[in-house]
Number of protein chains: 2
Amino acid sequence: MGVEERRQQLIGVALELFSRRSPDEVSIDETASAAGISRPLVYHYFPGKLSLYEAALQRAADDLAARFVEPAQGPLGARLLRVMGRYFDFVDEHGPGFSALMRGGPAVGSSRTNALVASVRQAAYDQILAHLGVSDPPARLELVVRSWISLAESTALIWLDGRRIPRAELEVQLVHDFAALTAVSAAQDEEMGALLRRVVADEPADGPFVDLVGRLSSLAA
Amino acid sequence: MGVEERRQQLIGVALELFSRRSPDEVSIDETASAAGISRPLVYHYFPGKLSLYEAALQRAADDLAARFVEPAQGPLGARLLRVMGRYFDFVDEHGPGFSALMRGGPAVGSSRTNALVASVRQAAYDQILAHLGVSDPPARLELVVRSWISLAESTALIWLDGRRIPRAELEVQLVHDFAALTAVSAAQDEEMGALLRRVVADEPADGPFVDLVGRLSSLAA
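Parameters at a glance
Residues numbered from 1 in each chain as written. Chains lettered and ligands numbered in written order. Predicted model: local features only at pLDDT ≥ 70, side-chain atom pairs only at ≥ 80, totals over all residues. Heavy atoms only, no water. Axes fitted to C-alpha atoms, helices over the stretch in contact; angles between N-to-C directions. Helix = DSSP H or I, 4+ residues; strand = E, 2+ residues; numbered from the N terminus. Left-handed = near helix turned anticlockwise from the far one by under 90°. Contact = heavy atoms within 4.5 Å. Nonpolar A, V, L, I, M, F, W, Y, C, P; charged D, E, K, R; others polar. Core = buried A, V, L, I, M, F, W, Y, C linked by side-chain atoms within 4.5 Å. Buried < 20%, exposed > 50% of the residue type's maximum accessible area, 1.4 Å probe, protein only. Least-squares fit on C-alpha atoms with pLDDT ≥ 70 in both. Buried area = accessible area lost by both parts, 1.4 Å probe. Salt bridge = Lys/Arg side-chain N within 4 Å of Asp/Glu carboxyl O. Polar contact = N/O pair within 3.5 Å; in protein donor to acceptor, adjacent residues only side chain to side chain.

In the nomenclature of an unreviewed UniProt entry, chain A corresponds to TetR family transcriptional regulator from the organism Streptomyces mutabilis.

We now examine the packing of helix H8 (residues 139-160) of chain A against helix H8 (residues 139-160) of chain B. Two measures define how a pair of helices packs: the angle their axes make with one another and the distance between the axes. Direction vectors running N to C along H8 of chain A and H8 of chain B enclose 145°, while the axes themselves pass 8 Å from each other. Helix-helix and strand crossings are classified by hand; for H8 of chain A and H8 of chain B the assignment is right-handed. Residue-level inspection shows Leu143, Arg146, Ser147, Trp148, Ser150, Leu151, Ser154, Thr155 and Ile158 of chain A of H8 of chain A in contact with H8 of chain B, the latter providing Leu143, Arg146, Ser147, Trp148, Ser150, Leu151, Ser154, Thr155 and Ile158 of chain B. When the residues that make up the contact of H8 of chain A with H8 of chain B are grouped by side-chain class, the tally is 8 nonpolar, 8 polar and 2 charged.

Let's shift gears to the nonpolar core. Nonpolar side chains in soluble globular proteins tend to be buried together. By size, the foremost hydrophobic cluster in this structure holds 150 residues, and its most contacted members are Tyr87 and Trp148 of chain A together with Tyr87 and Trp148 of chain B. When sequence neighbours within four positions are dropped, the list of residues in contact with tyrosine 87 of chain A reads Leu64, Phe68, Phe98, Ala152, Glu153 and Ala156 of chain A.

Turning next to unusual backbone geometry. All names here are of chain A. Positive phi outside glycine occurs at arginine 163, with the angle close to 45°. Mapped onto the elements, arginine 163 comes out in the loop between H8 and helix H9 (167-186). Relative accessible area serves as the criterion here: at 39%, arginine 163 is assigned to the partly exposed category.

So, on to the relation of the copies chain A and chain B. The two copies are related by a screw motion: chain A maps onto chain B through a turn of 180° and a shift of 0.0 Å along the axis, at an RMSD of 0.0 Å. Considering both components of the superposition, the chain copies are consistent with a two-fold axis. Of the residues that chain A buries at the interface, 100% are likewise interface residues in chain B, meaning the two copies contact each other through the same surface.

Between chain A and chain B, the contact holds 44 residues from the first and 44 residues from the second. A buried area of about 3600 Å², summed over both sides, lies between chain A and chain B, and 64% of it is on carbon and sulfur atoms. Of all residues in chain A, Leu143, Gln188 and Leu219 of chain A give up the largest surface area on contact with chain B, accounting jointly for 18% of the area buried on that side. Where chain A packs against chain B, one counts 4 salt bridges. Of the charged contacts in the structure, one is a salt bridge between glutamate 169 of chain A and arginine 140 of chain B, with a shortest N-O distance of 2.6 Å. At the junction of chain A and chain B, the tally comes to 8 residue pairs in polar contact (both at pLDDT 80 or more). For the side of chain A that touches chain B, the elements supplying multiple residues, two or more each, are helix H7 (111-132), H8, H9, helix H10 (190-201) and helix H11 (208-220) of chain A. Among the residues forming the side of chain A that touches chain B, the class breakdown is 20 nonpolar, 15 polar and 9 charged.

So this is what it looks like as structure tokens:
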């Protein structure tokens, strides 16, 4: 194999191992063995475990960011629901690695890994603003979108810890949460109110946003 | 000064420095100078910067957890709003140290600091369950409470980054967010619906929960 091909193979092997156990628990020896090469050869391509981990994380980050991309067509609620499905696919596939990374700690908290996590959050933020058709967000919209992204992370982490709630329910719940957090902000601020009215105006009766309003109305009654 | 007295003084000096600049940027030299003692004497009490940082974080964690404690009297919305006021006081007082810790990174991500952060989150979680009168939470309630705690953290972090929204507005918003996330879960799940109805039944007309319902009704109309 060529250098780049071998590097890519090792990254794939490492990601596969991190999808089953925390990166802390995966050794270079085990990676070498799973790739069918010698330990010194792994070090030839990656000077240490951190550099292999960072390369694997880079690939996972690119993969996740790509799953956020959704055509700008149709109602927003349905778009967000499709993205949530792909997001939970990713979380499902990379469970232990995702948990270890997001829970932080010395083994995974290099400045490079932090920058990668920040870049994925930024990609999610940029996508949401693009779908909302907003290029210069007011502070309250930025707060709602960024804090909802952290809510989506914590929801996924809690789901991974025992999977006690069906993921399909949580995918819908996160779409509802987005609408609810936006509505809370809109209830205090006219600019957010105008944005919410514009978004809801394009929602179909069978979409997740209108579904939420109906369910909340039943609950209130 | 006695040993424990001197340790407590150094912790206080360090916390004061971390309240103005990120812990990464505060040296042992500077801490020694601010405390009016020699650098070797600091090392006599704390073997390295990490141990001083961890001791300071322990005191800050105890301080924050104490602010979560609220008498079990009166409507829940008003209790939560008072806690949010004290939470933002803390965030305001410890801005740069809080940001550095919560954004993670090698300088602040030891297993001991992670355990301290987890213990503060657990203290918040335990307090909320106690106020709700629930000792054996269903998975959906645990998810709502824990994910709301992470929303409160991200909201505080975003607020610290430029303070572009008045903190009093965000204190109310987080109380509303808690009600909204609970309502979203209640809209899908009967057990959560029963819990929400029980909580709302005790809320006064001028409390933050009823205020939110009124505002959302106006928005929907």
